[in-house]
Amino acid sequence: MTETTKQPKPKRHPVLITLGAILLAIVLLIVFWSWDWFVPLVNSRATAMLHRKTTIEHLHVALGRVTTVKVDGLKIEQPKAFEQEKNLFAEAREVAVSVDVWSYLWHRTLHVPLIALDQPKADILARKNGENNYSFTEDGKPAPKQDEKDQSTTTLPDIGELRITDGNLHVKHDPLQADMQMAINTTPPRDKSRGTIRVDGKGRYAQQPITAHFIGGAVLSFVADKEPYPVDLSVQNGPTNATLKGSITHPLELGGAQLKLHFAGPDMSLLYPLTGVPIPRTPAYAITGNLDYTRDHIVFRQFEGKMGTSDIGGTIEVDPHKKPPFVQADLHSKQVNLVDLGGFIGAKPDKTKAEEKADAKSNTVLPDTPINIPRLNAVNAHVTYHGAHIENQKLPLDNIDAEFFVQDGAIDLKRLNFAVGKGTLASSATLKPDGKLFDTTARIDFARIDLARVMQATAGSKAQGIIGGHMTLKAKGNSIASLMAAGNGGLTLVLDQGGDITAILPNVLGLQLGNAVLSALGLPAHTDIRCFIADMPLKNGIVSTNTLLLETGEARTLGHGTINFRNNTLDYALTTRSQGPTIASLPGAFHINGPIKSPTVLPGAEILGRAAAATGLGFVFPPLALLPTIQFGVGDKSLCSRAVQEVNTNPAAGIAPGNLSHAVGTKKTPSVKNPSKKSDGKKKPNGKPAPQAQKQMTPDEIRAAWNKKLKNQK
C-alpha cells in the first residue's frame, strides 16, 4: 500500500503581493475617488489669496490631453470693511476652465481653450473715503503703487473662448455718484469671428439716470490683440446722448483707434461727469468727430457740429497722465452767435421762465453766474478759438480770435479780439483764484470801430461814427457783476463823427430811456453828433466822471454824476449849452437817477428857473490827457481831437460841470480847472470870484417845482 504524501502549499511571492495590493488600491481609488476631498484645501488657499472667505461646493476634474477643471457653487464673500453688505462680492453657479496640458508639457505655452461662467454675479463697491471691495488687500484699500522698475510684466495665457451665460454685475461707485445694474452675455465663435460680448446697463450716473448698450468683440479678442477690436456703444445719461462706433487697434499696446464719437444734448456742461473736462453752460448741441489715442494722449480730432445756432469744430487733445489732466483745444467756427457763447462769460443761455422772472425782479444788469473754481482746478488747459464770422441780434461783428490758458485754477486770457469792419475790439485778462474769489486784472481796447457796423442788426438804424478808447479793471470777485461791484479802473471812450443822434441814443440806452434823454436834451431831431468823449474812472465799484462831452453843430452837452455797480443805481446830470446865438431854447440841465435798469429822467433846477439859454457859453474842460487816446482810437484828423484842442486853447467863460444843473439866472463865470472841487469863495489870481456851489435838489423837490412851472404856464 502506498502512502499518499501531502504536497506543500506554494508560497506567495512578496513582489506579487505588493503589486496586487497596489492594483487593488488603484481600482478602489478609481471606483470611490472624489475630487471633493480637495475642496477644503481649495477653499483655504483661495480665502488666503483673496483676503475674504471663498468657498466652492464641488470640484470636478476631467483628465486628458485637454484637462477640464470645474467647480460648482462658487461664493466669494465681501471683505471685512464691507461685511454689512447683503450681497456677496461674487458668485457663480458653475465655473469651468480647460487647459491644454500637452501644449504646456511639450512647448511650455499655456493654452486655455475655454473659460465658462454660468450665471456669474458680482457686486462692485467704492466709497468716498477711498475704500473699495475690489482691491484684494486686507484693509480693502488700493495697494500702494510700485515704481515702474519694480513692476513685473505679466504674460497672459492664450485663451480660446470666454463664455458668459446670464451674467449680472452691480456697480455702486460713490465718488462718481453711480449705481448701475448690468446684464452680460456672450455669443459663441462663428466662422472667423471669436464671438461677441453684449452688455446692457441701467441705473444712475452722476445723479442722472443712465442706460447703456454695448456690443464688442469677444473679451479674448481684446486680450489676443491680433485683430482690430470692434466697438459699438450707445449711452444716454440724463438728457445727454453719446455713441461710439469703430475699432481699436492693438488694445493692450495702445496702438490707436478708428472710432466715430457723437455727442448730443441740451447743455455741454452736463458732459463733465462723462469726460472729466469742465465746460461752461451752452445751448443745445450735436457734435461728431474721430476719437483716437496713444500711450500719452487721447485725441478727439476733426469734430464738427452745431451749438445753438452756431457751428463748432476743431481738435481736442487730452493728456490724462498729468495731474490734473492737460487739455489742448484748437477750435473754430464759420459762424457763431454771441448768445451761444454766453456761458463762457457768465451769462445764462436759454433761461428758464423762473430764471427770467428772477432776472426781471433783480436790479442786477451784469451776469452774476459764479465762475466754478473747483471745476477749473480739475484740468489745466490751453485753448485757441477762431470764429470767421460772429453775430447776435444786437452786436454783429466780423470775426473773433481768442486764446487762453488755465493753470492750477488760474485763467490767463491772452487775447479776446473782435474785428469790426476796419477796427478792432481787443481784450486781455488774468484771473487768479483767491479762496472763492478771483483776483482779476482786465483791459479792453477800442480801435477805430465803425458804429454803423456795430448797429447794423438794428432795423432802420442810421447810426454811424468811429469809436476808440480803452477800459481797465482790477478787482476781486467770482462773476462779472461782483467784479464790477468791487472794481477799480475806468473807461475812456471817444465817438467821432457819430452821425444822427436820433439813431444812436435809443439803441444804446434802450428805446424808452433813449427817447426820454433825446427829449430832455432839447436838440433838433436828426442832429449829427460831431464828437462824444467819456472819461470815467471806476473806484470801489462806483463810476464817477472826469469828462463827459457831447458836441453837435448847435450845442455842447456836459455830464457829471456817478454810476454805482454796488447797488446798480445811477445819479447823473446832463447840461446842454448853445455854441452860438440861441435860436431855440435849449433846456439846460436834467437828471437821470434810480435803478440802472429803469432810471427816471427829471428836469433840472435851471430848466425850472430860466426862460432861455445864455448864449456863447463855453465849458471848463480838462481833457488834454485824452488826446493820445483819441488819436489812437479814431485817428489824428478826428473832429474830437480838434474839439478837445479848441476847448483847452480858447476856453470861454462858462459854468463848471459840477454847478451846471443848479445855476438859476445864469451869468458868465470864469474858468475852473478842477470842477470836482467846491469853491471856497476866494478870488482867483485873475481877481474874479469863483462860482458858488448851489443847493442840491432832491428828486421830489424837482418834481414839485416842475409841476408848479407847468401849472403856471397854462
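For the structure itself, look to the data block above.
How each quantity is defined
Residues numbered from 1 in each chain as written. Predicted model: local features only at pLDDT ≥ 70, side-chain atom pairs only at ≥ 80, totals over all residues. Heavy atoms only, no water. Helix = DSSP H or I, 4+ residues; strand = E, 2+ residues; numbered from the N terminus. Buried < 20%, exposed > 50% of the residue type's maximum accessible area, 1.4 Å probe, protein only. Contact = heavy atoms within 4.5 Å. Areas by Shrake-Rupley, 256 points an atom, 1.4 Å probe, with all protein chains shown as cover. Polar contact = N/O pair within 3.5 Å; in protein donor to acceptor, adjacent residues only side chain to side chain. Lys, Arg positive; Asp, Glu negative; His and termini not counted. Salt bridge = Lys/Arg side-chain N within 4 Å of Asp/Glu carboxyl O. Phe/Tyr/Trp six-rings, centres within 6.5 Å; stacked < 30°, edge-to-face > 60°. Expected span 1.5 Å × (residues − 1). Arc of directions from axis to C-beta. Pairing = 2+ DSSP bridges.

A look at the overall build of the protein chain
Next, step 1: Secondary structure assignment for the protein chain yields 15 helices and 34 strands.
Next, step 2: Looking at the protein chain as a whole, 40% of its 714 residues qualify as buried.
Next, step 3: When contacts within the protein chain are restricted to residue pairs at least 6 apart in sequence, those whose partners lie at least 24 apart make up 50%.
Next, step 4: For the protein chain, the accessible surface area stands at approximately 40,400 Å², while carbon and sulfur atoms represent 58% of it.

Things to note about the side chain of Ser103
Next, step 1: Among the secondary structure elements, Ser103 is positioned in helix α3 (residues 101-107).
Next, step 2: Accessibility expressed as a relative area gives 12% for Ser103, which makes it buried.
Next, step 3: There is a polar contact of 3.0 Å between the side chain of Ser103 and the side chain of Thr109.

Notes on the side chain of Asp535
Next, step 1: Along the polypeptide, Asp535 turns up in strand β28 (residues 528-539).
Next, step 2: Despite being buried, Asp535 has no salt bridge partner; Arg443 is the closest side chain of opposite charge, sitting 12 Å away.
Next, step 3: A polar side-chain atom of Asp535 sits 2.8 Å from a polar atom in the side chain of Thr492.

What about the packing of aromatic side chains?
Next, step 1: Taken as a whole and assessed by the stated rule, the structure comprises 4 aromatic pairs.
Next, step 2: Note on Trp35 and Phe38: the rings are 5.7 Å apart at their centroids and 35 degrees apart in plane angle, and the pair reads as tilted.
Next, step 3: Among the residues examined, Phe38 registers a relative accessible area of 33% and is labelled partly exposed.
Next, step 4: Taking 5.8 Å as the distance between ring centres and 85 degrees as the angle between the ring planes, the aromatic pair formed by Phe89 and Phe136 counts as edge-to-face. With a gap of 47 residues between them, Phe89 in the loop between β3 (66-76) and β4 (90-100) and Phe136 in the loop between β6 (121-126) and β7 (158-165) connect regions that are remote in the sequence.
Next, step 5: A relative accessible area of 7% means that Phe89 is categorised as buried.

Some points on helix α2 (residues 39-50)
Next, step 1: Its 12 residues give α2 an end-to-end C-alpha distance of 16 Å, which sits within 8% of 16 Å, the value for a rise of 1.5 Å per residue.
Next, step 2: Among the residues of α2, those classed as buried are Val39, Asn43, Ala46 and Leu50. Buried residues of α2, seen end-on, are gathered within an arc of 75 degrees and therefore sit on one face of the element. For α2, the exposed residues lying more than 90 degrees away from the buried face are Pro40, Arg45, Ala48 and Met49.
Next, step 3: Those residues of α2 hidden inside the fold are in contact with β1 (54-55), β2 (58-62) and β3.
Next, step 4: Directly beyond the C-terminal end of α2, a positive phi value near 60 degrees is found at His51.

Quick look at the environment of Thr441
Next, step 1: Turning to its location among the elements, Thr441 is positioned in strand β25 (residues 437-450).
Next, step 2: Judged by its relative accessible area of 35%, Thr441 is partly exposed.
Next, step 3: Separated by 46 residues in the primary sequence, Thr441 and Gly487 have C-alpha atoms spaced 9.5 Å apart.
Next, step 4: Residues in contact with Thr441, not counting those within four places in the same chain, are Ser428, Ala429, Thr430, Leu473 and Lys474.

Some details on the pattern of salt bridges
Next, step 1: For the structure on display, the rule yields 11 salt bridges.
Next, step 2: A salt bridge links Asp118 to Arg93; the nearest nitrogen and oxygen atoms lie 2.3 Å apart. Taken together, the residues span a long stretch of sequence, with Asp118 in strand β5 (residues 111-118) and Arg93 in strand β4 at a distance of 25 residues.
Next, step 3: The exposure class of Asp118 is buried, given its relative accessible area of 15%.
Next, step 4: The partner of Asp445 in a salt bridge is Arg443, and the shortest N-O contact between them spans 3.0 Å.
Next, step 5: Relative accessible area serves as the criterion here: at 18%, Asp445 is assigned to the buried category.
Next, step 6: Residues joined by salt bridges that share partners form a network here, namely Asp401, Glu403 and Arg415.

Observations concerning the environment of Asp330
Next, step 1: Position of Asp330 among the secondary structure elements: in strand β18 (residues 326-333).
Next, step 2: Of the residues examined, Asp330 reaches a relative accessible area of 38% and is grouped as partly exposed.
Next, step 3: Along the chain, Asp330 and Val383 lie 53 residues apart, while their C-alpha atoms are 6.0 Å from each other.
Next, step 4: Setting aside chain neighbours within four positions, we find Asp330 in contact with Gly313, Gly314, Thr315 and Thr384.
Next, step 5: For Asp330, the side chain forms a polar contact with the side chain of Gln328, separated by 3.4 Å.
Next, step 6: Looking at Asp330, its side chain comes within polar contact range of the side chain of Thr384, at 2.8 Å.

Section: the pairing of strand β16 (residues 298-307)
Next, step 1: Bridge count between strand β15 (residues 285-293) and β16: 8 bridges; the pairing is antiparallel. The residue bridging Asp292 from the neighbouring strand is Val299, located in β16.
Next, step 2: In sequence, β15 turns back onto β16 through a hairpin of 4 residues.
Next, step 3: Alignment of β16 against strand β17 (residues 310-319), held across 8 bridges, turns out to be antiparallel. Opposite Val299, over in β17, you have Glu317 as the bridge partner.

A few points about the pairing of strand β11 (residues 208-217)
Next, step 1: The pairing of strand β10 (residues 196-205) with β11 spans 10 bridges and is classified as antiparallel. By the bridge assignment, Gly201 is partnered in β11 with Ala212.
Next, step 2: Both β11 and strand β12 (residues 229-237) contribute to a ladder of 7 bridges, which runs antiparallel. Across the sheet, the residue bridging to Thr211 is Gln236, located in β12.

Digging into the environment of Thr600
Next, step 1: By secondary structure assignment, the location of Thr600 is in strand β34 (residues 600-603).
Next, step 2: Given the relative accessible area of 29%, Thr600 is considered partly exposed.
Next, step 3: Taking the C-alpha atoms as reference points, Thr600 and Asp571, 29 residues apart in sequence, are found 9.7 Å from one another.

Everything listed here is a matter of coordinates, which is why it stays silent on function.
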